Amino acid sequence: MFLQRFPKWFPWMRSLVFVGLGCLALGIVAATDSPDLRAGDWPIVRGNVLGTGVAEGKLPQSPKLLWEFKTGIDQAGFEGTPVIADGKVFLGDFIGHVYAIDLKTGQLVWKVKEKDGFLAAGCCSNGILVMGDFSGNIFGYKISDGTKVWSVEIDSQIVRGGNLIGEDVLLSTDAGSLIGLELSTGKEKWKYATGDQLNSTASIWKQQALLGGCDSRLHQVDLTKGTPLRESLDLGAPTLSTPNIIGDIAIVPTQPGNVYAIRIDTGETLWSYNPDQSLNTDIRTSSATLAQYKDGKLDGIVVVPSRNRRLLGLDASNGKLKWEAVLRKRAEAAPVVCDGRAWIGGTDGMIYSISLVDGKETWSYQMSGQILASPAVAENRLIIASEKGSVVCFGE
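Attention here is on the structure that accompanies the text. (Residues numbered from 1 in each chain as written. Predicted model: local features only at pLDDT ≥ 70, side-chain atom pairs only at ≥ 80, totals over all residues. Heavy atoms only, no water.)

### Section: the sheet that holds strand β8 (residues 137–142)
Sheet strands associate in pairs through backbone hydrogen bonding, adopting either a parallel or an antiparallel arrangement.
Working step 1: Read from one edge to the other, the open sheet built from four strands follows the order β6-β7-β8-β9, with strand pairing classed as antiparallel. Of all the strands in the sheet, just β6 (123–125) and β9 (148–153) have a single pairing partner and so form its edges. In this sheet, neighbouring strand axes are inclined to one another by 15 degrees on average, regardless of whether the strands run parallel or antiparallel. (Pairing = 2+ DSSP bridges. Helix = DSSP H or I, 4+ residues; strand = E, 2+ residues; numbered from the N terminus. Axes fitted to C-alpha atoms, helices over the stretch in contact; angles between N-to-C directions.)

### Some words on the pairing of strand β20 (residues 259–263)
Working step 1: Within β20, five of the five residues are buried, which leaves it mostly tucked inside the rest of the structure.
Working step 2: Neither face of β20 is exposed, since Val259, Ala261 and Arg263 on one face and Tyr260 and Ile262 on the opposite face are all buried.
Working step 3: Note that strand β19 (residues 249–253) and β20 share five bridges and pair antiparallel. Considered in β20, the bridge of valine 252 is made with tyrosine 260.
Working step 4: Hairpin geometry of β19 and β20 is characterised by an intervening segment of five residues between the two adjacent antiparallel strands and by a positive phi of about 115 degrees at glycine 257.
Working step 5: Bridge count for β20 against strand β21 (residues 269–273) is four bridges, and the pairing is antiparallel. (Buried < 20%, exposed > 50% of the residue type's maximum accessible area, 1.4 Å probe, protein only.)

### Let's talk about the sheet that holds strand β27 (residues 341–345)
Working step 1: With antiparallel pairing, the four strands of this open sheet are ordered in space as β26-β27-β28-β29. This sheet does not close on itself; its edge strands, each paired only once, are β26 (336–338) and β29 (361–366). Pairs of neighbouring strands in the sheet enclose a mean axial angle of 20 degrees, with direction left out of account.
Working step 2: For β26 and β27, the ladder comprises three bridges, and the chain directions are antiparallel. Across the sheet, valine 337 pairs through a bridge with alanine 342, a residue of β27.

### Remarks on the pattern of salt bridges
Working step 1: Under the defined criterion, the tally for this structure stands at 13 salt bridges.
Working step 2: With its nearest N and O atoms 3.2 Å apart, the salt bridge here joins aspartate 168 to lysine 189. Taken together, the positions of aspartate 168 in strand β11 (residues 168–172) and lysine 189 in strand β13 (residues 188–193) put the pair 21 residues apart, joining distant regions of the chain.
Working step 3: Aspartate 168 sits in the buried class, given a relative accessible area of 13%.
Working step 4: Assessed through its relative accessible area of 48%, lysine 189 is described here as partly exposed.
Working step 5: Two residues, arginine 310 and glutamate 324, come together in a salt bridge whose shortest N-O distance is 3.7 Å. With arginine 310 in strand β24 (residues 310–315) and glutamate 324 in strand β25 (residues 321–326), this residue pair connects regions lying 14 residues apart in the sequence.
Working step 6: On the basis of relative accessible area, glutamate 324 is assigned to the partly exposed category, the value being 44%.
Working step 7: Connected through shared salt-bridge partners, Lys58, Asp339 and Arg341 make up one network. (Salt bridge = Lys/Arg side-chain N within 4 Å of Asp/Glu carboxyl O.)

### Brief notes about unusual backbone geometry
Working step 1: Here the phi dihedral of asparagine 126 falls at roughly 50 degrees; this positive angle occurs in a residue that is not glycine.
Working step 2: Take asparagine 126: its relative accessible area is 29%, and that puts it in the partly exposed class.
Working step 3: Phi at serine 216 takes a positive value of approximately 65 degrees, unusual for a residue other than glycine.
Working step 4: Tracing the sequence through the fold places serine 216 in the loop between β15 (208–212) and β16 (217–222).
Working step 5: Classification of serine 216 as buried rests on a relative accessible area of 15%.

### Examining the packing of aromatic side chains
Working step 1: Scanning all chains against the criterion turns up 10 aromatic pairs.
Working step 2: For the ring pair phenylalanine 69 and tyrosine 99, a centre distance of 5.6 Å and an interplane angle of 70 degrees mean the geometry is edge-to-face. With phenylalanine 69 in strand β1 (residues 64–70) and tyrosine 99 in strand β4 (residues 97–102), the pair connects residues that are 30 residues apart, well separated along the chain.
Working step 3: Accessibility expressed as a relative area gives 2% for tyrosine 99, which makes it buried.
Working step 4: Ring centres of phenylalanine 90 and tryptophan 110 lie 6.0 Å apart, and the angle between their planes is 40 degrees; on these two criteria the pair is classed as tilted. Pair noted here: phenylalanine 90 is in strand β3 (residues 88–92) and tryptophan 110 is in strand β5 (residues 108–113), with a separation of 20 residues, a long-range link.
Working step 5: Relative accessible area serves as the criterion here: at 0%, phenylalanine 90 is assigned to the buried category.
Working step 6: By way of ring pairs, the aromatic residues Phe90, Trp110, Phe118, Phe139 and Tyr141 are connected into one cluster. (Phe/Tyr/Trp six-rings, centres within 6.5 Å; stacked < 30°, edge-to-face > 60°.)

### Quick word on the nonpolar core
Working step 1: Ile84, Leu91, Ile101, Ile351, Ile383 and Val391 are the most contacted members of the largest nonpolar core, which totals 31 residues.
Working step 2: Elements represented by at least two residues in this core include exactly β1, β3, β4, β26, β30 (376–378), β31 (381–385) and β32 (390–395).
Working step 3: Apart from residues no more than four positions distant in its own chain, isoleucine 383 is found in contact with Trp67, Pro82, Ile84, Val89, Leu103, Pro375, Ala376, Val391, Val392 and Cys393.
Working step 4: Residues Ile44, Val49, Tyr192 and Leu198 belong to the second largest nonpolar core, which totals 30 residues. (Core = buried A, V, L, I, M, F, W, Y, C linked by side-chain atoms within 4.5 Å. Contact = heavy atoms within 4.5 Å.)

Next comes the structure, spelled out in structure tokens:
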């Protein structure tokens, strides 16, 4: 069913309140689990261990292009979302290069070359960048200079970015396993097999990982042992989306276009969004959720991209459609929410800023080549990469 993608060559004040709450949550997570990361870094593919896709800080109403970095080779393009730490942007290209780019200037800090290419985002913590290639090799590099600290080989390719918990990194494999590695050495601590393909990153809730896959189930995995905590929950359809966790609720889109808000502790469905299936509502990437959770209720917005060129804004309290934005071409990568807007790239190379209030386009920029990677936000700058080997930075 799922084809692997290989390189083919409410009012505005209310929105700002949600941004502030999201920032507070991110700060607590960073301070607890990654003590060396600065507030405002983007060390994980969805920005934080909760997988929400929400960035702190502000972006200009009409961001300006501050710099552009080019690999100089069309085949050396990008599908993995950039990750950002220690003032550097990290990403790997289709032909095996790993880059560290200065966030302020766009200048290359270091570059290393591996035998095989990268489709997945990296993740950063404790001075180490972890990258997995599409041949099943995983590498740990010093983020300061690119020195390889360790490398391991597993049985399948890494197709999505990792997540972090304490001194460990979690990685999903195309063979359907979630593996826990020791960050400092790459040593495997445990492996959990779902029985089918995985195309999403695990999110972390308390001391468990939440993970949906092509087996149409939502798995809850003990982070210390790699064992299931309870029977996995039937989602009714496969999912390629990283769960967004808000309080005790997980937002989980499924491939046919249904979106669920699920209580993690009980498995109860708080609400579901069920689209008109005649509209080609496939969801093959992750949503972003900006919301607060109080007294058993959600308040905020869920931003969901579908393959029919629609970006949907769902009311987080009940799953009802608030607005629908129509893009020029479909989006293959997940949106990021920052400063009252959703930021997303399309397969036509267009970058969009969409208001969370009404779904109106507030800004756009045309890049060269398809955008297959989600944006990243750090230090009030937006970073996004294309499959033509270009990385661009926008800000004030």
